[in-house]
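Okay, here's what each chain looks like letter by letter:
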Amino acid sequence: AQSVTQLGSHVSVSEGALVLLRCNYSSSVPPYLFWYVQYPNQGLQLLLKYTSAATLVKGINGFEAEFKKSETSFHLTKPSAHMSDAAEYFCAVSDGSGGSNYKLTFGKGTLLTVNP
Amino acid sequence: DAGITQSPRHKVTETGTPVTLRCHQTENHRYMYWYRQDPGHGLRLIHYSYGVKDTDKGEVSDGYSVSRSKTEDFLLTLESATSSQTSVYFCAITGDLPSVEQFFGPGTRLTVL
């Protein structure tokens, strides 16, 4: 079974500050990892994904995440927060296998607030 | 953007009534999923489909049924709605490798009074 833990249900940063959203996973097989963003009253949008290639993954809107196997982590970062980054962020894990029907397991989400 | 639509987008119903939510895709993807989103719980998988007439349960399937009679449509039915099923429901799709990410629809907000 797979699981995801997102540390911090709410993170608040100042505009221009570093954004760090934490995600730890548990998986018995090499994982595929994803970060999604959800703006108010919208569906989820893929930010970036790790699929066993480069461990540092760059996504949209200046976000990036680093896969660290030894720490079972996939933290999301952005060097300088913008007001438009305010949203809820979800980390998800999959075993990337058709045998599991590509099901995702999501973390509970982290709400990011950006203060002016 | 992936071609996924959900209908209705909003619905208010009463306890005990049947409700059907529809997910429609134009991507010809094999896999489709229904999730519910509740505060503090993230997204939880209700049911999923891996082909026409091929469906299976997710982690929170009690009180829900699904049907997929053609590739593009995946229906979620609440046979007798309860207040605990008040939630936002999302449909998602994915294809086979190498694309394993899921693409989400805009959601349906369901209120059961």
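Just so it is clear, the structure is predicted and the values come from calculations on it, not from any experiment. (Residues numbered from 1 in each chain as written. Chains lettered and ligands numbered in written order. Predicted model: local features only at pLDDT ≥ 70, side-chain atom pairs only at ≥ 80, totals over all residues. Heavy atoms only, no water.)

Colleague: Account for the overall build of chain B, with residues named and values stated.
Modeller: Within chain B, the regular secondary structure consists of 0 helices and 11 strands. For 113 residues, the compact-globule formula gives about 13 Å, and the C-alpha radius of gyration of chain B, at 13 Å, lands near that figure. Counting every position in chain B, which comprises 113 residues, the buried fraction comes to 48%. Considering only contacts in chain B between residues 6 or more positions apart, those separated by 24 or more positions represent 55%. Accessible surface, chain B: about 5,200 Å² in total, of which carbon and sulfur atoms supply 49%. (Helix = DSSP H or I, 4+ residues; strand = E, 2+ residues; numbered from the N terminus. Rg over C-alpha atoms; globule rule 2.2 N^0.38 Å. Buried < 20%, exposed > 50% of the residue type's maximum accessible area, 1.4 Å probe, protein only. Contact = heavy atoms within 4.5 Å. Areas by Shrake-Rupley, 256 points an atom, 1.4 Å probe, with all protein chains shown as cover.)

Colleague: If you had to explain the interface of chain A and chain B to someone new, which residues and values would you point to?
Modeller: Listed as interface residues are 22 residues of chain A and, on the opposing side, 23 residues of chain B. Surface buried jointly by chain A and chain B totals about 1,800 Å² across both partners, of which 56% is contributed by carbon and sulfur atoms. E101 of chain B is paired through a salt bridge with K49 of chain A; the nearest N and O atoms lie 2.7 Å apart. For the interface between chain A and chain B, the tally reads 5 residue pairs in polar contact (both at pLDDT 80 or more). Breaking the side of chain A that touches chain B down by element, the ones donating at least two residues are β4 (32-38), β5 (44-50) and β9 (87-94) of chain A. No other element matches the 4 residues that β4 of chain A contributes to the side of chain A that touches chain B. (Buried area = accessible area lost by both parts, 1.4 Å probe. Salt bridge = Lys/Arg side-chain N within 4 Å of Asp/Glu carboxyl O. Polar contact = N/O pair within 3.5 Å; in protein donor to acceptor, adjacent residues only side chain to side chain.)

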